[in-house]
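Residue-level structure breakdown
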Amino acid sequence: MSKPVVLVTGANGEIGRSLLERLHADGYAVVTVDLTPLPEKYRGLCLETYAGNIMDRYLLDQVAAHHEIEVVFHLAALLSTRGERDPELAHQVNVEGTLHLLRMANNQSQRLGRAVRFLFPSSIAVYGMPDVAEKKRVGRVREEAWNVPITMYGCNKLYCEHLGRYFTNYYRQLGALSTAARLDFRAIRFPGLISAETVPTGGTSDFGPEMLHAAAQGKPYKCFVGPEAQIPFMAMPDAVQSLVGLLDADRERLSTTVYNVGAFSVSAGEIAARVKRIFPKADISYEPDPVRAKIVDSWPEDLDDSVARKDWGWKPAYDFDRAFDDYLVPGIRARY
Ligand code: AKB
């Protein structure tokens, strides 16, 4: 039997690289699209790699024509800080790009006569807490609360969650194709992610991974938020596990299309203290950027992921201690 084909966009990014290793190990045939060519190490894990833009509909049609894609992981996006620097571009990439992928996956579902599963990384950026006092008072947020983002990226992610739900349940509900197979959209709202392999670019939760990677390289780090700024974080293996866990979940067990996933919630100061325990010479100082700090303050302190736990058995393997002791420190020491 041939292996199911999985398309991964943004495969050369932070989540993408770790996900490729997992999909390859799980026996999928992986096809990738990314603006930049994949390094040799990752190309070897793929059936085919395309260097190109998700805004290029011709490229996507070509990819779909050559492969019977059964699963899409649409990871390509402009993150929150980058998005504030160029909001129109963020809208194009994050919303129009996602629309292209949804259209492609839906056409593919009709061609195959069954639902293509479409996995979408959403974010804590869809939430908008009015101020730090309210953020502290609320603590863990549920999916349906505080959906008033203050960044273009957050607005884009929230709208794309709705687009995915629409494509899954209502796409062309009045047309001749109203009974044709539709795609099966599943989204995860990620906290800030920390990887031992890669440093993210253009995000606002980047202070966590940047602090650690700078210290490991003996470089000074000026943190763009104050030590008290707190959001939830997750180690990359848990992020990959959550995507694969949701992919594998039976449709009947899913009560919604969008799920929070949590792991641990820590402040910038707690991360800095932890980093200094490992790298005692780490030179970490604080130079808060008022806008980036405000964005972090608008994100919840923690996520209520009880629906994901109940529906598809989500459970993180890494708390703060284990993330550092068993994953980040060994990985980062091997890397630098
Ligand atoms: C960002 O900082 O933009 C992302 C996110 C929280 O989704 N890492």
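Values in this document were obtained by computation on a predicted structure and should not be read as measured data.

Procedures and definitions
- Residues numbered from 1 in each chain as written.
- Predicted model: local features only at pLDDT ≥ 70, side-chain atom pairs only at ≥ 80, totals over all residues.
- Heavy atoms only, no water.
- Helix = DSSP H or I, 4+ residues; strand = E, 2+ residues; numbered from the N terminus.
- Buried < 20%, exposed > 50% of the residue type's maximum accessible area, 1.4 Å probe, protein only.
- Core = buried A, V, L, I, M, F, W, Y, C linked by side-chain atoms within 4.5 Å.
- Contact = heavy atoms within 4.5 Å.
- Phe/Tyr/Trp six-rings, centres within 6.5 Å; stacked < 30°, edge-to-face > 60°.
- Lys NZ or Arg CZ within 6 Å of the ring centre and 35° of its normal.
- Near = heavy atom within 4 Å.
- Polar contact = N/O pair within 3.5 Å; in protein donor to acceptor, adjacent residues only side chain to side chain.
- Areas by Shrake-Rupley, 256 points an atom, 1.4 Å probe, with all protein chains shown as cover.
- Nonpolar A, V, L, I, M, F, W, Y, C, P; charged D, E, K, R; others polar.

1. Observations concerning unusual backbone geometry
- Of note, the phi angle at W146 is positive, near 55 degrees, even though the residue is not glycine.
- Relative to the assigned elements, W146 resides in the loop between strand 6 (140-141) and helix 7 (152-169).
- Phi is positive for R172, which is not a glycine, with a value near 55 degrees.
- Following the sequence through the fold, R172 ends up in the loop between helix 7 and strand 7 (184-190).
- Using a relative accessible area of 47% as the deciding quantity, one classes R172 as partly exposed.

2. Here's the deal with the environment of M55
- By secondary structure assignment, the location of M55 is in the loop between strand 3 (48-51) and helix 3 (57-66).
- Its relative accessible area of 26% is what places M55 among the partly exposed residues.

3. Digging into the nonpolar core
- Formed by 83 residues in total, the largest nonpolar core has its most connected members in V8, F73, F207 and W312.
- Setting aside its immediate chain neighbours within four residues, W312 contacts I188, S242, G245, L246, A249, R253, L254, Y259 and V261.
- Formed by 34 residues, the second largest nonpolar core is a distinct cluster that contains V5, F118, Y171 and F185.

4. Section: the packing of aromatic side chains
- Applying the stated criterion across every chain yields a total of 12 aromatic pairs.
- Seen in terms of ring centroids, Y166 and F167 are 6.0 Å apart; in terms of plane orientation they differ by 90 degrees. Their pairing is edge-to-face.
- Accessibility expressed as a relative area gives 4% for F167, which makes it buried.
- Taking the centre distance of 6.2 Å and the plane angle of 45 degrees together, the rings of W312 and W314 count as tilted.
- For R274, the ring lying beneath its charged end belongs to F320, and the centroid distance is 5.7 Å.
- Taking NZ or CZ as reference, R292 lies 3.6 Å from the ring centre of F224, over its face.

5. Quick word on the site of the ligand
- The immediate surroundings of the ligand are formed by L79, S80, S123, I124, Y153, G203, T204, S205 and W299.
- S123 places a side-chain nitrogen or oxygen 2.6 Å from an oxygen atom of the ligand.
- Interatomic distance of 2.8 Å between a side-chain N/O atom of S205 and a nitrogen atom of the ligand.
- Burial of the ligand by the protein amounts to 91% of the accessible area it has alone, namely 250 Å².
- Classifying every residue of the shell around the ligand by side-chain character gives four nonpolar, five polar and no charged.

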